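Spelled out from the first residue to the last, the chains are:
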There are 2 protein chains.
Amino acid sequence: MKERERDVMFIHLDFESEEPIYTQLIHQIIEGIAKKELLPGDPLPSVRAMAADIGINLHTVNKAYQHLKQEGFILIHRQKGVVIHPEGVSKADATYMEKVKRKLRPFIAESICRQVSEEDFLKQCQELFSEFKKDKEGDAK
Amino acid sequence: MKERERDVMFIHLDFESEEPIYTQLIHQIIEGIAKKELLPGDPLPSVRAMAADIGINLHTVNKAYQHLKQEGFILIHRQKGVVIHPEGVSKADATYMEKVKRKLRPFIAESICRQVSEEDFLKQCQELFSEFKKDKEGDAK
DNA sequence: ACATCTGTTATATTATAAGTATAACAGTTA
DNA sequence: TAACTGTTATACTTATAATATAACAGATGT
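The structure presented is a predicted model; accordingly, all values stated were derived computationally and were not measured.

Draft legend 1. Spotlight on the sheet that holds strand S5 (residues 82-84) of chain B. All names here are of chain B. Strand order in the open sheet formed by three strands is S3-S5-S4, and the pairing between neighbours is antiparallel. At either margin of the open sheet sits one strand with a lone partner, and together these are strand S3 (43-44) and strand S4 (74-76). Lying on the sheet, helix H3 (residues 58-70) is in contact with S3, S4 and S5; it crosses S4 at an angle near 115°.

Given below as structure tokens:
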């Protein structure tokens, strides 16, 4: 077991990573939603509880929550609590797709330099999609 | 014409972006290689010339060059100059593919939340691949 | 020989971002 | 009343990004 890592609930943080903690938190929660481990209306721990659980400062958690709120992933009721957006995340529009494309470009450029075929690259994407849909098997009943 | 932007040769920088300048430089050069605008053996401007052309500090350029050197995109001959790696960039291995997958995961997770179908996501990737191969038409002769 | 170019190294400064540490405020709930 | 909620404010440390000079050592061209 490595040192600077923390696992709490579905949250996995790597304190050694160069990726900021609050960004990791954001991604972990979005992954939870994508995997249907977090459903619309589900409550999230308070900023203090989450901070205490994973051993970081409450402001770092708050920063992540604010970002998630701004992008429509969660709702924050002033004195109630934090919940996954009950009406689901807003669907992708043209602006979002352009953002994705802009962020994807560097990876594809480097992959082309390294002779990764278009087929192999798409295969990686497909594997990731499969990974996220794996946990949806409970839908069968 | 916007203010804080600079276009020199194939290099396009956005000083308003939150993406660091040296990172933008790295990506622009890698894109140039991917598009075959920069071929193995082609010279790159000296750190001072490049810095003067795009109006930034030579250390910022040097930082980008060092990264590109470390990852095998360019060669730096001490008192000669900087050239695109004559023997091409090293091919992708399993480690690189894992890195790509790890970086891709957050985008796919968010896309799933926003109800982007696997097909639509793959289409975006295909469009990017097409974009990079567009400039390869000169191969016909 | 001399001046000019090359990458490299060193030092210093400014600005910004990340993360933490306390503290307090205003509502809610038990 | 006590314990909880998100929020705000202030202060501090650390790291990174970017700039500004300056100098060194080797190569090149005149």
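Draft legend 2. Spatial organisation of the nonpolar core. In terms of nonpolar packing, the biggest core is built from 80 residues, with Tyr65(A) and Tyr65(B) touching the most fellow members. Beyond its immediate stretch of four places on either side in the chain, Tyr65(A) contacts Ile29(A), Leu44(A), Pro45(A), Ser46(A), Val47(A), Met50(A), Ile74(A), Ile76(A) and Val82(A).

Draft legend 3. Structural context of unusual backbone geometry. The backbone of Gln115(A) shows a phi angle near 60°, a positive value even though the residue is not glycine. Along the polypeptide, Gln115(A) turns up in the loop between helix H4 (94-113) and helix H5 (118-133).

Draft legend 4. Structural detail: the protein's contact with DNA strand C. Surveying the vicinity of DNA strand C reveals 22 residues, the closest of which are Ile21(A), His59(A), His59(B), Gln66(B) and Arg78(B). By atom count, sugar and phosphate contribute 62% of the portion of DNA strand C lying within 4 Å of the protein. Among the elements of the structure, helix H1 (21-34) and helix H3 (58-70) of chain A together with helix H2 (47-54) and H3 of chain B are those that each provide at least two residues to the surface near DNA strand C. No other element matches H3(B), which puts four residues into the surface near DNA strand C. Residues belonging to the surface near DNA strand C are distributed by class as follows: seven nonpolar, nine polar and six charged.

Draft legend 5. Summary view of the protein's contact with DNA strand D. Within the structure, DNA strand D sits among 22 residues, and His59(A), Gln66(A), Ile21(B), His59(B) and Thr60(B) are positioned closest to it. Of all atoms in DNA strand D that approach within 4 Å of the protein, 64% are sugar or phosphate atoms. One of the side-chain nitrogen or oxygen atoms of His59(A) is found 2.6 Å away from a base nitrogen of DNA strand D. In this structure, a phosphate oxygen belonging to DNA strand D sits 2.7 Å away from a side-chain N or O atom of Gln66(A). At the level of secondary structure, the elements contributing two or more residues to the surface near DNA strand D comprise helix H2 (47-54) and H3 of chain A together with helix H1 (21-34) and H3 of chain B.

Thresholds, definitions, all that
- Residues numbered from 1 in each chain as written.
- Chains lettered and ligands numbered in written order.
- Predicted model: local features only at pLDDT ≥ 70, side-chain atom pairs only at ≥ 80, totals over all residues.
- Heavy atoms only, no water.
- Pairing = 2+ DSSP bridges.
- Helix = DSSP H or I, 4+ residues; strand = E, 2+ residues; numbered from the N terminus.
- Contact = heavy atoms within 4.5 Å.
- Axes fitted to C-alpha atoms, helices over the stretch in contact; angles between N-to-C directions.
- Core = buried A, V, L, I, M, F, W, Y, C linked by side-chain atoms within 4.5 Å.
- Buried < 20%, exposed > 50% of the residue type's maximum accessible area, 1.4 Å probe, protein only.
- Near = heavy atom within 4 Å.
- Nonpolar A, V, L, I, M, F, W, Y, C, P; charged D, E, K, R; others polar.
- Polar contact = N/O pair within 3.5 Å; in protein donor to acceptor, adjacent residues only side chain to side chain.

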